[in-house]
Structures are given as C-alpha cells and as structure tokens.
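Reading the structure
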Amino acid sequence: MGRFFGRWFTLTIAVGVMTWLLPGMIVQGSNTFFSIASFALFMALINASVKPVVQLLALPLTIITFGLAALILNVMFMQLASWLSITVFNEGIYIAGFWWAVIGSFIMMVVDGIVGSIIHD
C-alpha cells in the first residue's frame, strides 16, 4: 500500500509540472491541488490495475507498430483518468486534444522518472 501512495505522490508532482507547462491541460475545479491529485489518483489506479493487462494483450500490436500502440494506450488512459476525475469529483484535468495528451504523456513520463529516482519509488 505504501508503494501505491509513493506512486500517487510522484504522479501528482508529474501532473502538476505537466499542467504548468502545457496550456492544453486545463485544471477544472476550484481547488487546483485537489484537481491535480484526483487526476493523479485515477492515473495511479489505472496504472496499477488495468494498464498491465491491456499492455500484455496489446504486446503483439506494440511490437508491430514499434511502440506506437503503447503511446496510444497511454493517451487513452490519460483521457480515461481525466474523464473519471471530472465525473467523480467534479474536479480534474481537462485535456484539450490528442496531441496535448501525447505531449503530456511524455512530460509525465520524464518527470515521474526523475522524481521516482529521487525518492526511490
């Protein structure tokens, strides 16, 4: 359980950096921190539960497309986390389009890796 909270923490920082850098990632709601944390919570839940199974099923397609399928899956999971956080908590991150999600996915990956290596996640 502690590993999940560490993962959620690093994703919260990564999402905060992503929303700060990208104008296409729009914070919805009155409390910016809660909006970012709720989006990161759903990203952490999806990454822990659904993502490994879907990536395993999509592995042949990912190999054939040289990783493009994995990128599309990440974008879809970001869109799902956005929809869930806004629907459930009425606060979250609105993603303005596909390319914003692609760039945001890349930024989250880099920042999450840096923060994770600093706190030994």
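This text gives an overview of the structure that appears in the document. Throughout, a residue's number is its position along its own chain's written sequence, starting from 1. Totals for whole chains, interfaces and linings use every residue, but because this is a predicted model, local features are given only for residues with pLDDT of at least 70 and side-chain atom pairs only at 80 or more, for both listing and counting. With hydrogens and water excluded, all non-hydrogen atoms of the structure serve as input to the side-chain values.

Brief notes about unusual backbone geometry
Just so we agree on the cut-off: Put simply, DSSP H or I for four residues or longer makes a helix, DSSP E for two residues or longer makes a strand, and each gets a number counted from the N terminus.
Although it is not a glycine, Phe-66 adopts a positive phi angle of roughly 55°. Mapped onto the fold, Phe-66 is located in the loop between helix H4 (59-64) and helix H5 (68-89). Look at Asn-90: it is not a glycine, yet its phi comes out positive at around 60°. By secondary structure assignment, the location of Asn-90 is in the loop between H5 and strand S2 (92-95).

A closer look at the packing of helix H1 (residues 2-21) against helix H6 (residues 98-118)
Stated precisely, the cut-off is as follows: Working convention: axes come from line fits to C-alpha atoms, limited for helices to the stretch in contact. Angles between N-to-C directions cover 0 to 180 degrees. Roughly parallel means an angle under 35 degrees; roughly antiparallel means over 145; roughly perpendicular covers 65 to 115; every other angle is labelled oblique. Each crossing gets its hand from how the near helix is turned against the far one by less than a right angle, where anticlockwise is left-handed and clockwise is right-handed. Residues are treated as being in contact if the distance between any of their heavy atoms lies within 4.5 Å. Residues are grouped as follows: nonpolar covers Ala, Val, Leu, Ile, Met, Phe, Trp, Tyr, Cys and Pro; charged covers Asp, Glu, Lys and Arg; every other residue, Gly included, is treated as polar.
Interhelical geometry of H1 versus H6 gives an angle of 135° and a closest axis separation of 8 Å. As summarised for this structure, H1 and H6 are arranged oblique, according to the angle between their axes. The two elements H1 and H6 cross, and the hand of that crossing is right-handed. Residue-level inspection shows Arg-7, Thr-10, Leu-11, Ile-13, Ala-14, Val-15, Val-17, Met-18 and Leu-21 of H1 in contact with H6, the latter providing Gly-104, Ile-107, Met-108, Val-111, Asp-112, Val-115 and Gly-116. A per-class count over the contact of H1 with H6 returns 11 nonpolar, three polar and two charged.

Things to note about a nonpolar patch on the surface
Test applied: Two joining distances apply to patches: 9 Å for like charges and 5 Å for nonpolar side chains (Val, Leu, Ile, Met, Phe, Trp, Tyr), and every residue must have over 30% relative accessible area and no salt bridge. Only the protein chains shown count as cover for residues, and the accessible areas themselves come from Shrake-Rupley with a 1.4 Å probe. Just to be clear on terms, a salt bridge is a Lys or Arg side-chain nitrogen sitting within 4 Å of an Asp or Glu carboxyl oxygen. Residue burial is assigned from relative accessible area. The probe radius is 1.4 Å, only protein chains are included, and a residue is buried under 20% of its type maximum, exposed over 50%, and partly exposed in between.
Taken together, the side chains of Phe-9, Ile-13, Phe-106, Met-109, Val-110, Ile-114, Ile-118 and Ile-119 make up a nonpolar region of the molecular surface, amounting to roughly 760 Å² of accessible area. Taken together, the elements giving at least two residues each to the nonpolar patch come down to H1 and H6. A per-element tally of the nonpolar patch places H6 first, with five residues. Looking at where Val-110 falls in the secondary structure, it is placed in helix H6. Judged by relative accessible area, which is 35%, Val-110 ranks as partly exposed.

Examining H6
Just so we agree on the cut-off: Multiply 1.5 Å by the residue count of a helix minus one, and that product is the helix's expected span.
The terminal C-alpha atoms of H6, which comprises 21 residues, lie 30 Å apart, in line with the 30 Å expected from a rise of 1.5 Å per residue. Here H6 has its buried residues at Ala-101, Val-102, Gly-104, Ser-105, Ile-107, Met-108, Val-111, Asp-112, Val-115 and Gly-116. In this structure, the buried side of H6 is in contact with H1, strand S1 (25-28), helix H2 (32-49), H5 and S2. Where H6 ends, the next residue or the one after it, His-120, has phi of about 60°, a positive value.

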